[in-house]
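Architecture at a glance
In case you want the letters, here they are:
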Amino acid sequence: MSFDWIIKIFTENWPMFIRGAGITLLIALIGTIIGAMIGLIIGVIRTIPMPEKGMKRALLKVINVILSIYIEIFRGTPMIVQAMVIYYGMAIAFGIDMDRLLAAFFIVSINTGAYMSEIVRGGILSIDKGQFEAAHAIGMNHLQTMTNVVLPQVLRNILPATGNEFVINIKDTSVLNVISVSELFFATKSIAGNNFKYFESFFIASVIYLIMTFTVTRILRYLERKLEGPENYNLAGNQMQVDTPKIPSNH
């Protein structure tokens with residue numbers, strides 16, 4: 001490996017590297033946000049109490065089956081295969097020529113949504129049942145209970161897992177080069193194809209990936225600490241606090 005070549009390649013092609021990194025971050029960010037919304041909706045639906053009988057029970061069962069199939073398919077197949085099937089399958093089966101960048105947003109979003117739905121469902125189930133019972137006791141329905149009691153706690157609890165999905169998506173966007181999305185991996189492959197210095201070119205790409213994931217991880221850790229609040233604080237400070245009386249010592 002020649003460091004002179006690394007400097008030369010980056011100096012000559014830095015706009016392509018930066019543009020590719022920017023598109024990678026954009027796809028990962030949008031995909032994670034939309035995927036988290038999808039996961040939140042599915043997680044709430046899948047935790048709705050099953051009615052004892054009637055059409056509502058049948059409808060909820062059908063919805064749960066459909067959502068379970070969606071989750072199993074997108075959690076059980078690689079994103080690279082999903083990208084090929086969705087992008088080229090849409091063109092072949094329905095004649096839909098999707099924009100590559102929009103296809104990338106769609107693929108990452110629905111893939112992330114499948115994982116986030118299970119994270120959200122787990123977060124909801126981790127909430128003490130007593131809180132559900134207390135909310136129902138004061139007349140709240142399932143939606144009101146979720147909105148006012150459960151979800152504020154769940155959102156805080158799943159923040160680390162959501163951040164982890166964002167970091168994973170930054171790396172996994174590289175598979176989108178199979179549909180010619182001009183993210184960082186695709187840009188690096190084009191640069192390496194021009195100069196035939198594959199090792200040096202992808203070494204630069206690996207450093208950029210590392211910088212992105214490291215920076216995002218540190219930002220997320222900072223946000224988590226902010227949400228946790230101070231380690232030491234008084235739960236109920238007031239003006240009626242009295243010092244502990246001192247017991248005189250006997251000599």
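Structural data are supplied above this passage.
Conventions and cut-offs
- Residues numbered from 1 in each chain as written.
- Predicted model: local features only at pLDDT ≥ 70, side-chain atom pairs only at ≥ 80, totals over all residues.
- Heavy atoms only, no water.
- Core = buried A, V, L, I, M, F, W, Y, C linked by side-chain atoms within 4.5 Å.
- Buried < 20%, exposed > 50% of the residue type's maximum accessible area, 1.4 Å probe, protein only.
- Helix = DSSP H or I, 4+ residues; strand = E, 2+ residues; numbered from the N terminus.
- Patch = residues over 30% accessible without salt bridge, like charges linked within 9 Å, V, L, I, M, F, W, Y side chains within 5 Å.
- Areas by Shrake-Rupley, 256 points an atom, 1.4 Å probe, with all protein chains shown as cover.
- Salt bridge = Lys/Arg side-chain N within 4 Å of Asp/Glu carboxyl O.
- Expected span 1.5 Å × (residues − 1).
- Bend = angle between axes of the 7 residues up to and from the residue.
- Axes fitted to C-alpha atoms, helices over the stretch in contact; angles between N-to-C directions.
- Parallel < 35°, antiparallel > 145°, perpendicular 65-115°, else oblique.
- Left-handed = near helix turned anticlockwise from the far one by under 90°.
- Contact = heavy atoms within 4.5 Å.
- Nonpolar A, V, L, I, M, F, W, Y, C, P; charged D, E, K, R; others polar.
- Phe/Tyr/Trp six-rings, centres within 6.5 Å; stacked < 30°, edge-to-face > 60°.
- Lys NZ or Arg CZ within 6 Å of the ring centre and 35° of its normal.

The next point concerns the nonpolar core. With 22 residues, the main nonpolar core has Ile27, Tyr70, Ile107, Leu176 and Ile179 as its most contacted residues. At the level of elements, helix H1 (3-45), helix H2 (55-76), helix H3 (79-94) and helix H4 (100-125) are the ones that each hand at least two residues to this core. By residue number, the principal contributor to this core is H4, which donates seven residues. Ranked by size, the runner-up nonpolar core spans 16 residues in total, among them Ala28, Ile191, Ile208 and Met212.

Attention now moves to a nonpolar patch on the surface. Nonpolar side chains collect at one region of the surface, where Ile80, Val81, Met84, Val85, Tyr88 and Ile92 lie side by side and expose about 550 Å² of accessible area between them. Looking at the secondary structure, you find Met84 in helix H3.

Turning our eyes to something else, we now look at H1. With 43 residues, H1 should reach 63 Å at 1.5 Å per residue; the first-to-last C-alpha distance of 54 Å falls well below that figure. Bending of H1 peaks at approximately 75° at the position of Asn13, with proline Pro15 no more than four residues after it.

Interaxial distance between helix H5 (residues 129-137) and helix H6 (residues 142-157) falls to 10 Å at its minimum, and their mutual angle equals 140°. Put simply, H5 runs oblique to H6. For the pair H5 and H6, the sense of crossing is right-handed. When H5 is examined against H6, the residues Gln131, Phe132, Ala135 and His136 are found in contact with a partner set consisting of His142, Thr145, Met146, Val149, Val150 and Gln153. Here the contact of H5 with H6 is composed, by residue class, of five nonpolar, five polar and no charged.

Turning to the packing of aromatic side chains, a few remarks are in order. Applying the stated rule across the entire model yields four aromatic pairs. On the basis of an interplanar angle of 55° and a centroid distance of 5.2 Å, the ring pair of Tyr70 and Phe74 is categorised as tilted. Of the two residues, Tyr70 and Phe74 both sit in helix H2, four residues apart, roughly one turn of that helix. Residue Tyr70 is classed as buried on the basis of its relative accessible area, which comes to 16%. Residue class for Phe74 comes out buried when judged on its relative accessible area of 15%. Taking 5.0 Å as the distance between ring centres and 80° as the angle between the ring planes, the aromatic pair formed by Tyr87 and Tyr88 counts as edge-to-face. Tyr87 sits in the buried class, given a relative accessible area of 7%. Residue class for Tyr88 comes out partly exposed when judged on its relative accessible area of 33%. Just above the ring of Phe214 sits the side chain of Arg218; from NZ or CZ to the centre is 4.8 Å.

Here we come to the packing of H1 against H4. Between H1 and H4, the least distance of the axes is 5 Å, while the angle of their chain directions is 40°. Considering their axes alone, H1 and H4 lie oblique with respect to each other. In this structure, the crossing between H1 and H4 has a hand that is right-handed. Considering only residue class, the contact of H1 with H4 consists of 17 nonpolar, nine polar and one charged.

Let's shift gears to unusual backbone geometry. Phi is positive for Ser180, which is not a glycine, with a value near 65°. Structurally, Ser180 is set in the loop between helix H7 (159-172) and helix H8 (184-195). Located in the positive-phi region is Phe196, a residue other than glycine, with phi close to 60°.

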